[in-house]
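Results of the structural survey
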Amino acid sequence: MAGTRVVAGTIMVTNAQGESFFLVEKNGDSISFLNKETESGGKLPMGIIMKHLLEFVEIEADSLRLIDLANLKAEENNVSLFVFDVVERPDNPDTLLSDSDDVVWRRSKELTTLLDAYDFGIVPIYK
């Protein structure tokens, strides 16, 4: 069994106007889900990705709710994708970001290209 695996995640926030946005990592002109390597015998994957996500936003951990967990296949690797929702409904989601230029919020319709890169058994639908 491999010693390391990759776990991915995103946070969905719905603003006061009812628009949903997802936290993604910028890679030049493209975007990706935030991800982190795990090691056997270490912390649980959900805790690893939650801690990593919280490094980029000014949100308390108890404000996050797990709303979906999907297993993806990317480049011959199985990746667990954790999707969290934020309890708060800010007017502007950017106010939740910490001072990192590495992450941005994207509307769900902007994730089409990103989602096409993965093989989903069942694709979750977010509005």
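The structure under discussion appears in the preceding block.
None of the values given here were measured: they were computed from a predicted structure.

Among the surface-exposed residues, Glu58, Asp99, Asp101 and Asp102 lie close enough to one another that they form a single negatively charged patch. Mapped onto the elements, Asp102 comes out in the loop between strand S6 (77-86) and strand S7 (103-107).

This part covers the environment of Glu110. By the element assignment, Glu110 lies in the loop between S7 and helix H2 (112-116). A relative accessible area of 38% places Glu110 in the partly exposed class. Taking the C-alpha atoms as reference points, Glu110 and Phe21, separated by 89 residues in sequence, lie 9.4 Å from one another.

Our next topic: the packing of aromatic side chains. Tallied over the full model, the rule gives 1 aromatic pair. Between the aromatic rings of Phe82 and Phe84, the centroid separation amounts to 6.4 Å while the plane-to-plane angle is 15°, which identifies the pairing as stacked. Look at Phe82 and you get buried, because its relative accessible area is 7%. The class of Phe84 is buried, set by a relative accessible area of 1%.

It is worth spelling out the nonpolar core at this point. Counting 21 residues, the largest nonpolar core has Ile11, Leu23, Leu53, Val57, Leu64, Phe84 and Trp105 as its most contacted members. Among the elements of the structure, strand S1 (4-14), strand S2 (20-27), helix H1 (45-54), S6 and S7 are those that each provide at least two residues to this core. Of the residues forming this core, the biggest block, 4 residues, is contributed by H1. The contacts of Val57, once residues within four sequence positions are left out, are Ile11, Leu23, Leu96, Leu97, Ser98 and Trp105. Counting residues in hydrophobic clusters, the runner-up holds 13 residues, among them Ala8, Phe22, Leu81 and Leu114.

The rules behind these values
Residues numbered from 1 in each chain as written. Predicted model: local features only at pLDDT ≥ 70, side-chain atom pairs only at ≥ 80, totals over all residues. Heavy atoms only, no water. Patch = residues over 30% accessible without salt bridge, like charges linked within 9 Å, V, L, I, M, F, W, Y side chains within 5 Å. Areas by Shrake-Rupley, 256 points an atom, 1.4 Å probe, with all protein chains shown as cover. Salt bridge = Lys/Arg side-chain N within 4 Å of Asp/Glu carboxyl O. Lys, Arg positive; Asp, Glu negative; His and termini not counted. Charge placed at Lys NZ, Arg CZ, Asp CG, Glu CD. Helix = DSSP H or I, 4+ residues; strand = E, 2+ residues; numbered from the N terminus. Buried < 20%, exposed > 50% of the residue type's maximum accessible area, 1.4 Å probe, protein only. Phe/Tyr/Trp six-rings, centres within 6.5 Å; stacked < 30°, edge-to-face > 60°. Core = buried A, V, L, I, M, F, W, Y, C linked by side-chain atoms within 4.5 Å. Contact = heavy atoms within 4.5 Å.

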